[in-house]
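Topology and contacts: notes
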Amino acid sequence: MTRVAVMVIHGLGMQKEDYADTLISRLNKEFDQVMVLPGAAAACLDIEPVFWADVFAEKEEELYQKLVKDQVLNYQLLRRFIIHYLADAVAYQPVENHGHHYDAVHATLSKAMHALSGRNGPETPLCVIAHSLGAVIASNFFYDLQFPSDRVPSIIDPNSALERGDTLTAFYSFGTTLPLWSLRYHEFNRPIAVPSPLADTYLPGISGEWVNFYDRNDILGYPLKPIDPAYEAAVKEDIEIHAGGWLVQWSPLSHSGYFDSSTMNRRIAQGLARIWTWVNRS
């Protein structure tokens, strides 16, 4: 039996290493219900969270101490929050030289894919679940693989189709700031292909999907299809949901509530179940 490899990528802000626990628990529950089989998720899915926040955390905290604490500025808690949110996006920007934060962040994805490949095999279907800036990171990471340049990510095992991104089958983004990044380019019309252009080589006939979730109250999350006709074609669905509980879903704080959404987790579980069933059809 072949499991589906799932990589989860967090978004902006101060994150803990266990950030994905809630999402994984709720996704597993939804998957078991979709499969109508208790424990199905444990047998069918291998979920690997990516933790990239520590690439920036130490320097962001040092910046906060020097500029806010030591200068006794007002609104210190709010400033700390803003520094960790804005600094993530600024520090992630690629620069001409290699070996900087852009590459360090992408190395955490390579590491996760290496672990998934090692546990499940180099031709295992790969699905990505990414929040906020994490969806931007995922898009850039797979873009560098699908449109090779001198920014090709650090790949631990070039003999693994999964690590090369060739078995990318599904991409679930939510609360993403990706449309804002379109302002950096004269044209923003080359989205990544999902499934990967080479997926059919290893998973003949498989169909994939890029599904994006957003909450109209989330000021950091946007639909993707309106960006450009190329995104209209690349993204299967933009699905509007209510993120978070009743206390936050009506406000901009809904940005942090996606992991709890039963609507989103059920739709992702359905996609993962479809892929697992297809791979194990014989």
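Just so it is clear, the structure is predicted and the values come from calculations on it, not from any experiment. (Residues numbered from 1 in each chain as written. Predicted model: local features only at pLDDT ≥ 70, side-chain atom pairs only at ≥ 80, totals over all residues. Heavy atoms only, no water.)

1. Thoughts on a negative patch on the surface
A contiguous patch of negative charge, built from Glu-17, Asp-18, Asp-21 and Asp-54, is present on the exposed surface. Examined against the element boundaries, Asp-18 turns out to sit in the loop between strand 1 (4–9) and helix 1 (21–35). (Patch = residues over 30% accessible without salt bridge, like charges linked within 9 Å, V, L, I, M, F, W, Y side chains within 5 Å. Areas by Shrake-Rupley, 256 points an atom, 1.4 Å probe, with all protein chains shown as cover. Salt bridge = Lys/Arg side-chain N within 4 Å of Asp/Glu carboxyl O. Lys, Arg positive; Asp, Glu negative; His and termini not counted. Charge placed at Lys NZ, Arg CZ, Asp CG, Glu CD. Helix = DSSP H or I, 4+ residues; strand = E, 2+ residues; numbered from the N terminus.)

2. A word on the side chain of His-10
As for its position among the elements, His-10 is in the loop between strand 1 and helix 1. A distance of 3.2 Å separates a polar side-chain atom of His-10 from the backbone nitrogen of Ala-53. Other than its neighbours up to four places away in sequence, His-10 contacts Gln-15, Tyr-19, Val-50, Phe-51, Trp-52, Ala-53, His-131 and Gly-134. (Polar contact = N/O pair within 3.5 Å; in protein donor to acceptor, adjacent residues only side chain to side chain. Contact = heavy atoms within 4.5 Å.)

3. Brief notes about the pattern of salt bridges
What the rule picks out here adds up to 11 salt bridges. Close ionic contact of Arg-119 with Glu-48 constitutes a salt bridge, the shortest N to O distance being 2.8 Å. Of the two residues, Arg-119 is situated in helix 5 (residues 101–120) and Glu-48 in strand 2 (residues 45–50); the sequence distance between them amounts to 71 residues. For Arg-267, the salt bridge is made with Glu-237, and the minimal N-O distance between the two is 3.1 Å. In this pair, Arg-267 sits in helix 10 (residues 262–279) while Glu-237 sits in strand 6 (residues 237–240), placing the two residues 30 residues apart along the sequence. Classification of Glu-237 as partly exposed rests on a relative accessible area of 30%. Linked by salt bridges that have partners in common, Arg-3, Asp-46, Glu-48 and Arg-119 make up one network. (Buried < 20%, exposed > 50% of the residue type's maximum accessible area, 1.4 Å probe, protein only.)

4. Observations regarding the environment of Pro-125
In this structure, Pro-125 sits in the loop between helix 5 and strand 3 (126–131). Among the residues examined, Pro-125 registers a relative accessible area of 1% and is labelled buried. Here the alpha-carbon distance between Pro-125 and Arg-3, two residues 122 residues apart in the chain, equals 8.1 Å. Every residue in contact with Pro-125, bar those within four places of it in the chain, is listed here: Thr-2, Arg-3, Val-4, Ala-5, Thr-167, Thr-169, Leu-203, Ile-275 and Val-279.

5. Things to note about the packing of helix 5 against helix 6 (residues 133–146)
Closest axis-to-axis distance for the helix 5/helix 6 pair is 10 Å, and the angle between their directions is 80 degrees. Classified by the angle their axes make, helix 5 and helix 6 are roughly perpendicular. Residue-level contacts link Tyr-102, Val-105, His-106, Leu-109, Ser-110 and Met-113 of helix 5 to Ile-137, Ala-138, Asn-140, Phe-141, Phe-142 and Asp-144 of helix 6. Class assignment for the residues of the contact of helix 5 with helix 6 results in eight nonpolar, three polar and one charged. (Axes fitted to C-alpha atoms, helices over the stretch in contact; angles between N-to-C directions. Parallel < 35°, antiparallel > 145°, perpendicular 65-115°, else oblique. Nonpolar A, V, L, I, M, F, W, Y, C, P; charged D, E, K, R; others polar.)

Purely spatial values, then, with no claim about function.
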